[in-house]
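# Descriptive structure summary
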Amino acid sequence: MPPFVNANAVRVTKGDGTWDGLRRLVKWTKSNLPKGQSFAVGVEGEVLSPIGPEDHTENDPFPIMLRCKSSTEQLSGVEFDAFEVENHPATIAVKKFCSFRLLHRVT
């Protein structure tokens, strides 16, 4: 969670997520997701005052990271909902990163 979110007001609303106040993150873990099934999560927070529309910039990040650790399967789709709250605009920008692990053994 970004510093402009009240850490004492973070609440997991969907899924079995856990809030880590020290690292300021919510983590959900799903060890197995059967083919064709979905996994929904939710969290709510409170924006600290005083933050008015004039205090908001496009550089106020609210990062969401999604990681799939499968070597044979991949995610087929992701949906996010963002809502404007009290004149605070809600926009979504997507940055996709792919990483691979290469193991080499000398025999």
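Residues numbered from 1 in each chain as written. Predicted model: local features only at pLDDT ≥ 70, side-chain atom pairs only at ≥ 80, totals over all residues. Heavy atoms only, no water.

### Here we look at the overall build of the chain
A count of helical and extended segments in the chain gives zero helices and four strands. Listing every helix and strand of the chain by position from the N terminus yields β-β-β-β. Taken over 107 residues, the chain has a buried fraction of 8%. Restricting to contacts in the chain with at least 6 residues of sequence separation, those with at least 24 account for 51%. If you sum the accessible surface of the chain, you get close to 10400 Å²; carbon and sulfur atoms cover 50% of it. (Helix = DSSP H or I, 4+ residues; strand = E, 2+ residues; numbered from the N terminus. Buried < 20%, exposed > 50% of the residue type's maximum accessible area, 1.4 Å probe, protein only. Contact = heavy atoms within 4.5 Å. Areas by Shrake-Rupley, 256 points an atom, 1.4 Å probe, with all protein chains shown as cover.)

### Quick look at the confidence of the model for the chain
One rule of thumb: low pLDDT means the predicted coordinates there are not for detailed reading. For the chain, per-residue confidence averages 77 on the pLDDT scale, and residues scoring 70 or more make up 80% of the total. Per-element mean pLDDT across the chain ranges from 87 in strand β4 (residues 42-44) up to 93 in strand β2 (residues 18-20). (pLDDT = per-residue confidence, 0-100.)

### Describing unusual backbone geometry
Not every positive phi belongs to a glycine, and arginine 24 is a case in point at roughly 55 degrees. By secondary structure assignment, the location of arginine 24 is in the loop between β2 and β3 (25-27). Arginine 24 sits in the partly exposed class, given a relative accessible area of 22%.

### Quick look at a positive patch on the surface
On the surface, Arg23, Lys27, Arg67 and Lys69 cluster together into a patch of positive charge. Here lysine 69 lies in the segment after β4. (Patch = residues over 30% accessible without salt bridge, like charges linked within 9 Å, V, L, I, M, F, W, Y side chains within 5 Å. Salt bridge = Lys/Arg side-chain N within 4 Å of Asp/Glu carboxyl O. Lys, Arg positive; Asp, Glu negative; His and termini not counted. Charge placed at Lys NZ, Arg CZ, Asp CG, Glu CD.)

### Quick word on the pattern of salt bridges
Under the criterion given, the structure shown has one salt bridge. The partner of glutamate 44 in a salt bridge is arginine 11, with the nearest N and O atoms 2.8 Å apart. Linking glutamate 44 in strand β4 with arginine 11 in strand β1 (residues 11-14), this pair joins segments that are 33 residues apart in sequence. According to the relative accessible area criterion, glutamate 44 is partly exposed, its value standing at 41%. For arginine 11, a relative accessible area of 46% puts it in the partly exposed group.

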